[in-house]
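Structural overview for review
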Amino acid sequence: MGKDAWWKNKVAYQIYPRSFRDSNGDGIGDLNGITEKLDYLQSLGVDLVWLSPVYRSPMDDGGYDISDYEDINPMFGSMKDMDRLIAEAKKRGIRLLMDLVVNHCSDEHPWFQKALREPNSEEAGYFWFVRSGDAPPNNWASMFGGSAWEPVGDGRWYMHLFSKKQPDLNWENPKLRRKIYEMIRFWLDKGLGGFRIDAITHIKKMPGLPSGPAERPGGLVGCHAYTRCIDGIGEFLTELRKETFDRYECITVAEAAGVPPHQLKDYVGEDGYFSTMFDFSYAEPYNYGRGWHTAKGPGEWDFRAWRDSIYLSQTETQKIGRGAVFLENHDYPRACQKFVPAKDHSPAVQKMLGQLFFYLYGIPFIYQGQELGLDNPHFQSIDQMDDISTKNHYRIAMEDGLSPEEALPLICRYSRDNARTPFPWDNTEYGGFCASGTKPWLWAEPADPKANVLQESSEPDSVLNFYKEMIAIRKSETYGPTVVDGFFKPILKRYDKLIAYTRTGDRNLAVVCSLSDRSRFVRLPFLPKKVIQRSCAGESFRGQTLKLLPYQSLLMEF
Ligand code: GLC
Ligand code: CA
């Protein structure tokens, strides 16, 4: 579906509403705050804006636990505010995507509440209730720690692949599916641009719900093998598309972890379930295993394996459709923490990472603050943190015998809260996030107080202006068609700590990014005509030989 779709040349931006802009001074970002800042988004040049969930929710998992799909969480505003945001965005040529969270809902959703009260109700059939006495029905682990089953006191247990406040919805039930489709049409009728679709590869569970070989403390087994991309999921996803998205001009972006390369065509091919999808195959090169405390840091994991997984994802996807490419989102620390040793972090490195991802084949998604080159903020204690997953990893570290003092810095490296602190607008207190100087709902000292919109707008060399330039290049008549449609091919594979590729079409473009902390020579497979954009100045050429500075990257024409 993605090859020649209306959205193929667009640029998308992800907002974490709770932390973008607080318009009424209660310390919490809100919809009116986003509306207030639409001009900023327009000035960046973005066309699509994805909002992390703003539905009614007890916020156990940052709103990914929905208690009313057709209402707005009062902390973010009202339905009127939402309608106004959609309309004001449209005026600026921006279409809004909401987050569609339908693998699970909240335990506070009226469906689940009724299911608890009345085991024989229709609503009880919307969930995975199993009677199994004193022990859980199987040994699956929840992704947020502990068993994936919770007892309700009457012999029934319910499944929750995420937190116990996020009961999984039972997609085998046609009545539940119909409810979901009605809800989706309710939103699309409002003129939404589409959805980012949460955890969608988990909606089919392995028939019979079999236990697996114990591999974790308590005899638990990771749930992915039994609940991700399970045979038969395609029937649900096809029906979902036909009943909803197919009837509108919208874009659907699946959070589709675990899709094997040979199934990509089912997801984003010509007749795929979705317009496009995030591929996570190269998102976690540190492969943390048991917990974030044991995860390797940048420079310690296998660079070539990571790079090859980017190349493989690109070459496989371009054969059949168009992927959604990203460097950051609300589930990860800031990208430089993942990919570059802390001693080397700088605005120029942020630009290099920007180029690395932005010119890949696919539709780019920029996460709020990425365009400012934000680094992880400095959390000083676990009490400052909010994220349910962070608390789980902190607990696992203690179980493994670490002291709180040892555990904190280790889990802080990968905490999801790193990307969830308030967006910095200016140099005033709390980065001007709140309308008054109120303390924000989540706060940690920023790594660099000068990395904010006001400051960076006035500096021609800022990361912000670099991102604006990348977006402008993608939209330019000269290079745009090649950046959007050009053929992706990896080059210079024999060099370590180098990511390099060509994009060829109307023009011939090449991106060369060094992730080495030393200057180096590389022999290009072409004769460069010109450098279009550079992360920092100082490269030199002799014929096809290029001398790069540490962490330097270039976009070239040849
Ligand atoms: C997705 C979201 C994440 C959330 C999880 C459960 O991975 O991106 O933030 O915790 O789904 O809904
Ligand atoms: Ca507010």
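Residues numbered from 1 in each chain as written. Chains lettered and ligands numbered in written order. Predicted model: local features only at pLDDT ≥ 70, side-chain atom pairs only at ≥ 80, totals over all residues. Heavy atoms only, no water.

1. Here we look at the overall build of the chain
Within the chain, the secondary structure is distributed over 16 helices and 21 strands. Computed over C-alpha atoms, the radius of gyration of the chain comes to 23 Å, within 12% of the 24 Å expected from 2.2 N^0.38 for 558 residues, which places it in the range of a compact globule. Dimensions along the principal axes, computed over C-alpha positions, put the chain at roughly 75 × 50 × 50 Å. Burial status across the chain gives 61% buried among its 558 residues. Considering only contacts within the chain whose residues lie at least 6 apart along the sequence, 71% involve residues at least 24 apart. Counting only carbon and sulfur atoms, one obtains 49% of the accessible surface of the chain, whose full area is about 20900 Å². Computing the positive centroid from 68 side-chain charges and the negative centroid from 75, the chain places the two 6 Å apart. (Helix = DSSP H or I, 4+ residues; strand = E, 2+ residues; numbered from the N terminus. Rg over C-alpha atoms; globule rule 2.2 N^0.38 Å. Buried < 20%, exposed > 50% of the residue type's maximum accessible area, 1.4 Å probe, protein only. Contact = heavy atoms within 4.5 Å. Areas by Shrake-Rupley, 256 points an atom, 1.4 Å probe, with all protein chains shown as cover. Lys, Arg positive; Asp, Glu negative; His and termini not counted. Charge placed at Lys NZ, Arg CZ, Asp CG, Glu CD.)

2. A closer look at the packing of aromatic side chains
Here a ring pair, both rings aromatic, is described through the centre-centre distance and the interplanar angle of the planes. For the coordinates displayed, the defined rule picks out 41 aromatic pairs. Both rings, one in Phe423 and one in Trp425, keep their centres 4.5 Å apart while their planes meet at 55°; by these two values the pair is tilted. Judged by its relative accessible area of 6%, Trp425 is buried. With centroids separated by 4.9 Å and ring planes inclined at 85°, the aromatic side chains of Tyr430 and Trp443 adopt a geometry described as edge-to-face. One end of the pair, Tyr430, is in the loop between helix H13 (404-414) and helix H14 (453-457); the other, Trp443, is in the loop between H13 and H14, with 13 residues separating them in the sequence. When its relative accessible area of 16% is taken as the criterion, Tyr430 is described as buried. (Phe/Tyr/Trp six-rings, centres within 6.5 Å; stacked < 30°, edge-to-face > 60°.)

3. A closer look at the site of ligand 1
Neighbouring residues of ligand 1: 13 residues in total, closest Asp61, His104, Asp198, Glu255 and Asp331. Within the side chain of Asp331, an N or O atom sits 2.5 Å from an oxygen atom of ligand 1. Starting from 300 Å² of accessible surface for ligand 1 in isolation, the protein chains cover 95%. A breakdown of the residues in the shell around ligand 1 according to their chemical character gives 3 nonpolar, 3 polar and 7 charged. (Near = heavy atom within 4 Å. Polar contact = N/O pair within 3.5 Å; in protein donor to acceptor, adjacent residues only side chain to side chain. Nonpolar A, V, L, I, M, F, W, Y, C, P; charged D, E, K, R; others polar.)

4. Some details on the sheet that holds strand E16 (residues 508-514)
Overall, antiparallel pairing links the 5 strands, which are arranged E14-E15-E16-E21-E18 in an open sheet. Sheet topology places strand E14 (487-490) and strand E18 (530-534) at the edges, where each strand pairs with a single neighbour. Adjacent strand axes in the sheet meet at a mean angle of 20° when their direction is disregarded. The pairing of E16 with strand E21 (residues 553-557) spans 5 bridges and is antiparallel. Directly across from Leu509, in E21, lies its bridge partner Glu557. Lying on the sheet, helix H15 (residues 463-475) is in contact with E18 and E21; it crosses E18 at an angle near 130°. (Pairing = 2+ DSSP bridges. Axes fitted to C-alpha atoms, helices over the stretch in contact; angles between N-to-C directions.)

5. Regarding the coordination of the calcium ion (ligand 2)
The protein atoms that coordinate the calcium ion (ligand 2) are Asp22 (OD), Asn24 (OD1), Asp26 (OD), Ile28 (O) and Asp30 (OD), at distances of 2.2 to 2.4 Å. The sequence pattern describing where the donors of the calcium ion (ligand 2) fall on their chain is D-x1-N-x1-D-x1-I-x1-D. (Donors = N, O, S within 2.8 Å, 3.2 Å for Na, K, Ca; no water.)

6. Overview of H13
Listed as buried for H13 are Ala407, Leu408, Ile411, Cys412, Arg413 and Tyr414. Contact partners of the buried residues in H13: helix H10 (335-339) and helix H12 (388-399).

7. Comments concerning the packing of helix H11 (residues 347-358) against H15
Where H11 meets H15, the closest approach of the two axes is 10 Å, and the angle between their N-to-C directions is 20°. When the interaxial angle is binned, H11 and H15 end up roughly parallel. The handedness of the crossing between H11 and H15 comes out as right-handed. Contact residues: Pro347, Gln350, Lys351, Gly354, Gln355, Phe357 and Phe358 in H11; Val463, Phe466, Tyr467, Met470, Ile471 and Arg474 in H15. Of the residues belonging to the contact of H11 with H15, the class tally is 8 nonpolar, 3 polar and 2 charged. (Parallel < 35°, antiparallel > 145°, perpendicular 65-115°, else oblique. Left-handed = near helix turned anticlockwise from the far one by under 90°.)

8. Quick word on the pattern of salt bridges
Under the defined criterion, the tally for this structure stands at 43 salt bridges. For the salt bridge of Asp4 with Lys8, the shortest nitrogen-to-oxygen distance reads 3.1 Å. Assessed through its relative accessible area of 64%, Asp4 is described here as exposed. Among the charged side chains, a network of salt bridges with common partners joins Asp61, Asp331, Asp387, Arg416 and Arg420. (Salt bridge = Lys/Arg side-chain N within 4 Å of Asp/Glu carboxyl O.)

9. Focus: the packing of H12 against H13
Contact pair H12 / H13: the axes reach a minimum separation of 9 Å and the direction vectors enclose 140°. On the basis of the axis angle, H12 is oblique to H13. Like other packed secondary-structure pairs, H12 and H13 cross with a definite hand, here right-handed. Here Thr390, His393, Tyr394, Ala397 and Met398 of H12 come into contact with H13, specifically with Pro404, Ala407, Leu408 and Ile411. Of the residues belonging to the contact of H12 with H13, the class tally is 7 nonpolar, 2 polar and no charged.

10. Let's talk about the sheet that holds strand E7 (residues 149-151)
Spatial ordering of the open sheet is given by E6-E8-E7, a layout of 3 strands whose pairing is antiparallel. Every interior strand has two partners, whereas the edge strands, strand E6 (129-131) and E7, have only one. Taking the axes of each pair of neighbouring strands and ignoring which way they run, one obtains an average angle of 35° across the sheet. Bridge analysis of E6 against strand E8 (residues 156-159) gives 3 bridges, and the strand direction is antiparallel. If you follow Phe129 over to E8, its bridge partner there is Tyr158.

11. Quick word on the state of the cysteines
All told, the structure shown has 0 disulfides when counted by the stated rule. As a non-bridged cysteine, Cys229 has Cys223 as the owner of its nearest cysteine sulfur, 12 Å distant. Residue Cys536 stays outside any disulfide, its sulfur separated by 11 Å from that of Cys513, the closest cysteine. Owing to a relative accessible area of 22%, Cys536 belongs among the partly exposed residues under this scheme. (Disulfide = S-S within 2.5 Å.)

12. Section: unusual backbone geometry
Phi is positive for Met59, close to 60°, though the residue is something other than glycine. Relative to the helices and strands, Met59 resides in the loop between strand E3 (55-56) and strand E4 (68-72). Notably, Cys229 is not glycine yet its phi reads approximately 50°, a positive angle. Look at Cys229 and you get buried, because its relative accessible area is 14%.

Note that all results are geometric; they support no functional claim without further evidence.
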